[in-house]
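# Residue-level structure breakdown
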Amino acid sequence: MNCKEAQELFGLLRDLPEQHPQRLMLEQHLLGCESCAGEYQQWEECLDMLQYIPIEVTEEQAEAVNRRVMDRIYAESPWLAPDVKRGVTRRIRRRLVFWAASFLAIFVISFGFLLMDRFTPDQESAEPMTGILPTAVVVAGSESDTYEEFSITLTSVSRGIVEPFAVPMSPAYPQYWMYLSMGGMLLALFSWKGLRRTKR
Ligand SMILES: [Zn+2]
């Protein structure tokens, strides 16, 4: 092995296994050749110095590089940007929660009204169903008290007469509101599920 070959192996020496023939030859050459031994020593010192030069990458720098790369990606394909997507889904989700909550409130309130209707004496609940009795009373009754009371029911009854088939679905009935709110809650639930599916 000549000096040139030996100097080309300097860089490999540390990585070669101890019993590697090239390593053994180089070591033998270094023992015999003073100039190469000197150069090798310098080389090793250089390597050691390089090892201890602190190359610190602060988190800010790393973050900046990261952001620049991601910005370029998002500029090329904006639909991947998490801010846009997350913001939109969060807004939609908040709105959905609001809707579900309000429908739940309507459901609970109408259920309460239904219970009240069931447990109060049948006077009031019977009135909108028949419709004939109060009008008869209104015609017959001349007292101001009963007249006022029945005039309120008369409006709903008259609506019932105009649209006979719409009577059971009139908003005056708690069942109507219960069905409506149930439908609303189901709608909110389905759209919530759809939202979660699109996110994946
Ligand atoms: Zn040499």
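Residues numbered from 1 in each chain as written. Predicted model: local features only at pLDDT ≥ 70, side-chain atom pairs only at ≥ 80, totals over all residues. Heavy atoms only, no water.

### Observations concerning the overall build of the chain
Short version of the rule: Only DSSP runs of H or I covering at least 4 residues are called helices, and only runs of E covering at least 2 are called strands; the numbering of each starts at the N terminus. Burial classes: relative accessible area under 20% of the type maximum marks a residue as buried, over 50% as exposed, and values in between as partly exposed (1.4 Å probe, protein chains only). Pairs of residues are marked as contacts when any of their non-hydrogen atoms sit within 4.5 Å. Surface accessibility in these figures is a Shrake-Rupley result with a 1.4 Å probe; residues are shielded only by whichever protein chains are displayed.
A tally of regular secondary structure across the chain gives 10 helices and zero strands. Traced from its N-terminal end to its C-terminal end, the chain shows the element sequence α-α-α-α-α-α-α-α-α-α. Looking at the chain as a whole, 18% of its 200 residues are labelled buried. Long-range contacts, defined as pairs at least 24 residues apart, comprise 59% of the intrachain contacts of the chain with a sequence gap of at least 6. Only carbon and sulfur atoms are counted for the fraction: they give 62% of the accessible area of the chain, which is about 16,200 Å².

### Quick look at the coordination of the zinc ion
So the rule is basically this: Donor selection uses N, O and S atoms within 2.8 Å of the metal (3.2 Å for Na, K and Ca). Since no water is included, sites may look incomplete. Here the metal geometry follows the donor angles, with tetrahedral for four donors whose angles all fall between 85 and 135 degrees, square planar for four and octahedral for six when opposite donors are more than 155 degrees apart and every other angle is between 65 and 115, and irregular for all the rest.
Around the zinc ion, the protein supplies Cys 3 (SG), His 29 (NE2), Cys 33 (SG) and Cys 36 (SG) as donor atoms, at distances of 2.1 to 2.3 Å. Of note is the zinc ion, whose four donor atoms meet at the metal with angles of 101 to 117° in an arrangement that counts as tetrahedral. Mapped onto the sequence, the donors of the zinc ion take the spacing C-x25-H-x3-C-x2-C. Taken together, the residues Cys 3 in helix 1 (residues 3-8) and Cys 36 in helix 4 (residues 34-52) connect sequence positions 33 residues apart. Classification of Cys 36 by relative accessible area gives buried; the value is 0%.

### Let's talk about the side chain of Arg 23
Note that Arg 23 resides in helix 3 (residues 21-32). Among all residues touching Arg 23, those that are not within four sequence positions of it are Leu 13, Arg 14, Leu 16, Pro 17 and Glu 18.

### Quick look at the UniProt feature "transmembrane region" (unreviewed entry) in the chain
Quick reminder of the rule: UniProt positions are given in the numbering used here, feature names are shortened, and annotations may be inferred rather than shown by experiment.
Here the UniProt feature "transmembrane region" (unreviewed entry) sits at residues 96-116 and 176-195. From the first C-alpha to the last, residues 96-116 spans 30 Å; its make-up is 100% helix and 0% strand. Overall, residues 176-195 shows 100% helix and 0% strand. The separation of its end C-alpha atoms is 29 Å.

### Thoughts on the nonpolar core
Quick note on the threshold: Throughout this description, the term nonpolar core refers to a set of buried Ala, Val, Leu, Ile, Met, Phe, Trp, Tyr and Cys residues connected via side-chain atoms within 4.5 Å.
Formed by Ala 6, Leu 9, Phe 10, Leu 13, Leu 26, Leu 30, Cys 33, Cys 36 and Tyr 40, the largest nonpolar core amounts to nine residues. Elements represented by at least two residues in this core include exactly helix 2 (10-13), helix 3 and helix 4. Setting aside its immediate chain neighbours within four residues, Leu 13 contacts Arg 23, Leu 26 and Tyr 40.

### Things to note about helix 3
One turn of an α-helix holds 3.6 residues; hence residues three or four places apart share an orientation. This is how it is decided: Multiplying one less than the number of residues by 1.5 Å gives the expected span of a helix.
Helix length check: helix 3, at 12 residues, gives a terminal C-alpha distance of 17 Å against a target of 16 Å (1.5 Å per residue), a fit within 8%. Taken together, the buried residues of helix 3 touch helix 1, helix 2 and helix 4.

### Focus on the packing of aromatic side chains
This is how the line gets drawn: Here a pair means two rings of Phe, Tyr or Trp (six-membered ring of Trp) with centres within 6.5 Å. Their orientation is stacked below 30 degrees between planes, edge-to-face above 60, and tilted elsewhere.
Per the stated rule, a full pass over the model turns up three aromatic pairs. When the ring of Phe 10 is compared with that of Tyr 40, the centres are 5.0 Å apart and the planes differ by 65°; the resulting orientation is edge-to-face. Within this pair, whereas Phe 10 is found in helix 2, its partner Tyr 40 is found in helix 4, the two being separated by 30 residues in sequence. Of the two residues, Phe 10 and Tyr 40, neither departs from the other in class, the shared state being buried.

### Topic: the confidence of the model for the chain
To keep it simple, the criterion reads: Confidence scores here are pLDDT values: one per residue, from the predictor, ranging 0 to 100.
Looking at the chain as a whole, its pLDDT mean stands at 73, while 68% of the residues score no less than 70. Summarising per-element confidence for the chain, the mean pLDDT is lowest in helix 9 (residues 144-162) (47) and highest in helix 3 (90). Under a pLDDT of 50 for its full length, residues 136-167 has, in the predicted model, 14 contacts with residues more than four places off or in other chains.

### Things to note about a positive patch on the surface
Threshold: Two joining distances apply to patches: 9 Å for like charges and 5 Å for nonpolar side chains (Val, Leu, Ile, Met, Phe, Trp, Tyr), and every residue must have over 30% relative accessible area and no salt bridge. Salt bridge, as used here: a side-chain nitrogen of Lys or Arg that lies within 4 Å of a carboxyl oxygen of Asp or Glu. Residues counted as positive are Lys and Arg, residues counted as negative are Asp and Glu, and His and the chain ends are not counted. Where a charge lies is defined by one atom per residue type: Lys uses NZ, Arg uses CZ, Asp uses CG and Glu uses CD.
A cluster of basic residues, Arg 90, Arg 91, Arg 94 and Arg 95, forms a positive patch on the protein surface. On the secondary structure map, Arg 95 appears in helix 6 (residues 82-119).

### Quick word on the packing of helix 3 against helix 4
Describing two packed helices takes the angle between their axes plus the distance from one axis to the other. Filter applied, for reference: Axes here mean lines fitted to C-alpha atoms, for a helix over just the part in contact, with angles spanning 0 to 180 degrees between N-to-C directions. Working rule for angles: under 35 degrees goes down as roughly parallel, over 145 as roughly antiparallel, 65 to 115 as roughly perpendicular, anything else as oblique. Only Asp, Glu, Lys and Arg are considered charged, only Ala, Val, Leu, Ile, Met, Phe, Trp, Tyr, Cys and Pro nonpolar, and every remaining residue, Gly among them, polar.
Axis separation between helix 3 and helix 4 bottoms out at 6 Å; the angle between their running directions is 110°. With respect to each other, helix 3 and helix 4 are oriented roughly perpendicular. Seen from helix 3, the contacting residues are His 29, Leu 30 and Gly 32; seen from helix 4, they are Glu 34, Cys 36, Ala 37 and Tyr 40. Class assignment of the residues belonging to the contact of helix 3 with helix 4 gives a composition of four nonpolar, two polar and one charged.

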